[in-house]
Amino acid sequence: MINKKLAILGIVGVPSNYGGFETLVDNLLDHLPKFFEVTVFCESKSYPDKLESYKGAKLVYLNKKANGAQSIIYDSVSLLKSYKNQDFILLLGVSGAIMIPLLMPFTKAKIITHIDGLEWKRDKWGWFAKKFLKFSESLAVKYSDGVVADNKHIQEYITSEYGKDSFLIAYGANHVSPVEPDSYRKKFSFLDSPYVFTVCRIEPENNVEMQLRAFKECEIGMPYVVVGNWNANDYGMKLYHEYSKVKNIILYNPIYEMEELNVLRSNCFFYLHGHSAGGTNPSLVEAMYLRLPVIAYGVNYNKETTFGKALYFNDFEELKTLLLQIRELDRDQMMEDLAKLAKKNYSWKAISKKYVKMFELF
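Residues numbered from 1 in each chain as written. Predicted model: local features only at pLDDT ≥ 70, side-chain atom pairs only at ≥ 80, totals over all residues. Heavy atoms only, no water.

Caption draft 1: Expanded view of the overall build of the chain. Each helix and strand counted, the chain has 13 helices and 14 strands in total. What you see for the chain is a C-alpha radius of gyration of 21 Å, in line with the 21 Å of a compact globule of 362 residues. The principal-axis extent of the C-alpha atoms belonging to the chain is close to 65 × 40 × 35 Å. For the chain, with 362 residues in total, the buried portion stands at 57%. (Helix = DSSP H or I, 4+ residues; strand = E, 2+ residues; numbered from the N terminus. Rg over C-alpha atoms; globule rule 2.2 N^0.38 Å. Buried < 20%, exposed > 50% of the residue type's maximum accessible area, 1.4 Å probe, protein only.)

Right, dumping it as structure tokens:
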């Protein structure tokens, strides 16, 4: 299939900084260019140094914004630039799906859309945005040649909501590796003692506020360290202002240096994961691969990702109860179970093979 052309749309770009889809594409590029001529569309503003190619893929830059409401234009322009000259189009997210039924009669390309969880359910969107995203999702599922779900519960939703089969392909995690704390002790003085860690986007559906409030009220003798984009919106700035002065809470802005992020993750006493929306979340899969014990919000997506082997909370009181017992919880067995499951299910080589196999079916 090496002469077949594949365009990947819907991400900020590669090399990846933050974000699940960006990480997905960056790691797929270690394998897919062996099978396809790959083109990846990137947001021009985010890449001042314009690389012509990366890991064997051609890069095309668009002077549009890849996130927020402008992502509709960004994804639509990407589709318009690729529908005539590609064999396959992998669209990540449903923002530009409004273009799919319009282009289908004029393209030989097989369009596969990864619907990225149930984006329309996220609290950050207003009423109109939620309606539009739900409508976009329905167009993507109805008119795409194939649909990718990253979690069994998303796959079941697609079947029950739209009566359509989908490809179940999760994320990989073996791009992360543990880092010894030695050379970072000066910078992060808490590394030598137990602490709880979270890395996430600061959005309401990630339950950051609940988690911060629980630590503020629980004196458990270990700090809570959170890395996130606090300055991205009013919600994040309000939380930062309220909790950055609390003595057992340490807040950091996004850390793009992978080794630095991994030293914080891989040495924590527990990884706390509050995501309530979406499917298989990359940071949760990465935590498993790093052999971390996990406390996760008890939605079915998180339970499915961790195969029911983590600890779960459903509300503020349940989280507080877990935190107050945190030193007595059985970490060792959980660490072993989660790491074993991650190794078996979340390697990039296996994930890439699934994508290649999916394209071969068309």
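Caption draft 2: Examining the pairing of strand S5 (residues 88–92) more closely. Among the five residues in S5, five count as buried, and that is most of the element. Side chains Phe 88, Leu 90 and Leu 92 of S5 all project onto a buried face; the interleaved residues Ile 89 and Leu 91 project onto the opposite face, where all are buried too. Where strand S1 (residues 5–9) and S5 come together, four bridges link them in parallel fashion. Residue pairing across strands places Ala 7 opposite Ile 89, the latter belonging to S5. Looking at chain direction, S5 and strand S6 (residues 110–114) are connected through five bridges and run parallel. Within S6, the residue paired with Leu 90 across the bridge is Ile 112. (Pairing = 2+ DSSP bridges.)

Caption draft 3: Local environment of the side chain of Asn 262. Locating Asn 262 in the fold gives a position in helix H8 (residues 258–266). Owing to a relative accessible area of 3%, Asn 262 belongs among the buried residues under this scheme. In contact with Asn 262, other than residues within four places in its own chain, are Val 176, Ser 177, Val 179 and Leu 290. (Contact = heavy atoms within 4.5 Å.)

Caption draft 4: Representation of helix H9 (residues 282–289) in the model. Of all eight residues in H9, seven are buried, a share of seventy percent or more. Here H9 has its buried residues at Pro 282, Ser 283, Leu 284, Val 285, Glu 286, Ala 287 and Met 288. Positive backbone phi, at 65°, marks Arg 291, one or two positions downstream of H9.

Caption draft 5: A look at the packing of helix H6 (residues 208–217) against helix H11 (residues 316–324). Contact geometry for H6 and H11: axes closest at 10 Å, N-to-C directions at 50°. Taken together, H6 and H11 sit at an angle that is classed as oblique. Along this stretch, H6 crosses H11, giving a crossing that reads as right-handed. Between H6, through Met 210, Gln 211, Arg 213, Ala 214, Phe 215 and Glu 217, and H11, the contact on the second element is made entirely by Phe 316, Leu 319, Lys 320 and Leu 323. In the contact of H6 with H11, the residues fall into six nonpolar, one polar and three charged. (Axes fitted to C-alpha atoms, helices over the stretch in contact; angles between N-to-C directions. Parallel < 35°, antiparallel > 145°, perpendicular 65-115°, else oblique. Left-handed = near helix turned anticlockwise from the far one by under 90°. Nonpolar A, V, L, I, M, F, W, Y, C, P; charged D, E, K, R; others polar.)

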